[in-house]
Amino acid sequence: MKLTHQKLINQAHAIARRKFGTTFPNPIVGCVIARNKKIISQAVTNKSGRPHAEELALKKAGKKAKGASMYVTLEPCFHNSIAGSCTDQILRSGIKEIFISTSDPDPRTNKKSIKKLKLNKVIVHTGIEEEKTLSLNKFFFESLKFLKPYTKIKMAISKDEKIAWSNYKSKWISNSKSRDYAHRLRFKSQAILTTSKTIIKDNPRFTIRKNDKVIKHITIIIIDKDLKIPLKSKILKDIHEKRIIIFTSNKNKKFDKLKSIGCEIIFLKKNKKRKLSLKNIFNRIYKLKIYDLLVEAGGIFFTNLLKNNLVNEIHIFKANFSIGQKGKPLLLDRKLNQVNKRIIKKRKFNDNYYYKYVINK
């Protein structure tokens with residue numbers, strides 16, 4: 001492949017990467033249309049997931065698209081939209097050649113568009129910078145493959161792997177720069193998953209802030225078996241600005257009250273151990289079209305997620321001080337170095353270290 005083609009497909013990836021986190025539950029896709037090595041138009045998937053990047057780029061290009069080349073990070077869709085599938089729009093536009101990073105695993109499209117484009121004499125190249133698309137949209141590929149949300153754990157820990165003091169009185173372990181980066185992780189997530197215990201202990205708001213200003217609200221999912229969440233919790237104060245989903249097995253007097261203020265309550269029966277099944281919860285979350293989760297909870301919940309094989313990534317912010325034996329541990333049954341994982345990113349935020357791991361499957 002010529003260097004020019006490589007540069008243009010990389011440009012499609014670059015514009016997609018800058019907008020990641022804005023198109024959930026859809027993947028973010030970048031599209032560039034070019035002729036004679038010059039870019040005619042470029043676009044990324046719209047915030048609502050529609051229109052798709054190809055449709056937007058074709059609209060910008062207009063009649064100039066005829067005879068041009070398209071560079072797109074994911075196979076164009078085969079299923080219909082208001083203006084027809086992206087594949088049909090490409091055929092109507094007169095695009096003569098298309099470079100596609102990878103096929104779309106969605107069964108509505110999977111390799112159908114590639115086949116149709118070829119049958120209609122469009123020159124098709126596939127597998128160009130495929131890993132970039134797979135890496136950027138891993139939540140999309142993994143969730144479709146395993147039929148459960150892609151799940152990330154975020155934890156601030158001390159040097160001796162404690163997440164809190166025994167009395168829970170001290171609020172911060174990580175420094176301000178680490179916390180700023182943690183808000184970026186929230187921004188690039190579809191939903192936050194937590195527990196009623198975390199709500200009761202920490203009373204968090206789970207907003208996304210920049211320079212101490214709230215810039216975004218995302219979906220909050222709470223596992224609350226006995227419906228113990230206080231009605232005066234900070235998380236419920238701005239409920240009109242976000243979606244709150246609560247999984248419970250208790251229809252006590254709070255049940256109707258929480259529904260009346262706008263919470264979505266999903267009732268599940270307890271299992272034989274008198275608990276809610278995490279696998280059932282994750283199955284229901286997936287059916288709600290929530291494919292990307294950031295977990296912010298305690299060590300017990302983290303341990304249970306690992307035991308149930310429900311963790312994909314771990315994000316650790318490590319301070320340079322120890323808390324001691326009486327502190328609350330990161331994991332109940334092992335140390336972090338005993339988890340089957342590999343490190344893919346490491347950064348330093350003043351006296352804190354940040355580590356990003358992926359779980360080895």
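Everything here concerns the structure above.
Keep in mind that this is a model prediction, so the values were computed, not measured.

Right, let's talk about the overall build of the chain for a bit. Counting its secondary structure elements, the chain contains eleven helices and 18 strands. In terms of C-alpha radius of gyration, the chain reaches 23 Å, essentially the compact-globule figure of 21 Å for 361 residues. Principal-axis analysis of the C-alpha atoms gives the chain an extent of 70 × 45 × 40 Å. Looking at the 361 residues of the chain, the share that counts as buried comes to 51%. Considering only intrachain contacts with a sequence separation of at least 6, the fraction spanning at least 24 residues in the chain is 70%. For the chain, the accessible surface area stands at approximately 18,700 Å², while carbon and sulfur atoms represent 49% of it. Here the chain holds 82 positive side-chain charges and 27 negative ones, and the gap between their average locations is 1 Å.

Moving on: unusual backbone geometry. The step from Phe24 to Pro25 runs through a cis peptide bond, and the omega angle for that step is 0°. Here Pro25 is to be found in the loop between helix 1 (3-18) and strand 1 (30-35). Between Arg50 and Pro51 the backbone carries a cis peptide bond, its omega angle lying at -10°. Here Pro51 is to be found in the loop between strand 2 (38-44) and helix 2 (53-61).

Those residues of helix 10 (residues 278-287) that fall on the buried side of the exposure criterion are Leu278, Ile281, Phe282, Ile285 and Tyr286. All buried residues of helix 10 fall inside an arc of 140° around its axis, so they share one side. Facing away from the buried side of helix 10, by more than 90 degrees, are the exposed residues Lys279 and Lys287. One or two steps after helix 10, the chain reaches Lys289, where phi turns positive at roughly 65°.

Another point: the packing of helix 3 (residues 86-93) against helix 4 (residues 112-119). Viewed as axis vectors pointing N to C, helix 3 and helix 4 meet at an angle of 20°, and their least axial separation amounts to 10 Å. One way to sum up the angle between helix 3 and helix 4 is to call them roughly parallel. The element helix 3 and its partner helix 4 pack so that their crossing is right-handed. On helix 4, the residues touching Thr87, Asp88, Ile90 and Leu91 of helix 3 are Ser113, Lys116 and Leu117. Taken together, the residues that form the contact of helix 3 with helix 4 break down as three nonpolar, two polar and two charged.

The strand order across the open sheet built from five strands is 2-1-3-4-5, with neighbouring strands paired in mixed fashion. Among the strands making up the open sheet, the edge pair consists of strand 2 and strand 5 (123-126). When the angles between neighbouring strand axes are averaged without regard to direction, this sheet yields 15°. Pairing geometry for strand 1 and strand 3 (residues 69-72), over four bridges, is antiparallel. Within strand 3, the residue paired with Ala34 across the bridge is Ser69. Those strands touched by helix 2 are strand 1, strand 2 and strand 3, and its axis lies near 140° from that of strand 2.

A few words now on the side chain of Ser113. Here Ser113 shows up in helix 4. The exposure class assigned to Ser113 is buried, which follows from its relative accessible area of 0%. Within the local environment of Ser113, its side chain forms a polar contact with the backbone oxygen of Cys77, the two atoms lying 3.5 Å apart. Within the structure, Ser113 has its side chain in polar contact with the side chain of Thr87 (distance 2.7 Å).

With that settled, consider the environment of Lys307. Among the secondary structure elements, Lys307 is positioned in helix 11 (residues 299-307). On the basis of relative accessible area, Lys307 is assigned to the exposed category, the value being 56%. Once residues lying within four places of it in the same chain are set aside, the contact partners of Lys307 are Asp333 and Arg334.

Quick look at helix 9 (residues 253-260) now. The opening residue of helix 9, the one whose side-chain oxygen lies 2.9 Å from the backbone nitrogen of Lys254, is Asn252. Backbone geometry just after helix 9 places Gly262 at a positive phi near 115°.

It is worth spelling out the pairing of strand 14 (residues 292-295) at this point. Side chains Asp292 and Leu294 project from strand 14 onto one buried face, and the interleaved Leu293 and Val295 project onto a second face that is buried too. Bridge count between strand 6 (residues 150-157) and strand 14: four bridges; the pairing is parallel. In the strand pairing of strand 14, Tyr150 is matched with Asp292. Of the pairings in the sheet, the one linking strand 8 (residues 191-195) to strand 14 comprises three bridges and is parallel in character. In the sheet register, Ile192 faces strand 14, and the bridge partner there is Leu294.

Conventions adopted
- Residues numbered from 1 in each chain as written.
- Predicted model: local features only at pLDDT ≥ 70, side-chain atom pairs only at ≥ 80, totals over all residues.
- Heavy atoms only, no water.
- Helix = DSSP H or I, 4+ residues; strand = E, 2+ residues; numbered from the N terminus.
- Rg over C-alpha atoms; globule rule 2.2 N^0.38 Å.
- Buried < 20%, exposed > 50% of the residue type's maximum accessible area, 1.4 Å probe, protein only.
- Contact = heavy atoms within 4.5 Å.
- Areas by Shrake-Rupley, 256 points an atom, 1.4 Å probe, with all protein chains shown as cover.
- Lys, Arg positive; Asp, Glu negative; His and termini not counted.
- Charge placed at Lys NZ, Arg CZ, Asp CG, Glu CD.
- Arc of directions from axis to C-beta.
- Axes fitted to C-alpha atoms, helices over the stretch in contact; angles between N-to-C directions.
- Parallel < 35°, antiparallel > 145°, perpendicular 65-115°, else oblique.
- Left-handed = near helix turned anticlockwise from the far one by under 90°.
- Nonpolar A, V, L, I, M, F, W, Y, C, P; charged D, E, K, R; others polar.
- Pairing = 2+ DSSP bridges.
- Polar contact = N/O pair within 3.5 Å; in protein donor to acceptor, adjacent residues only side chain to side chain.

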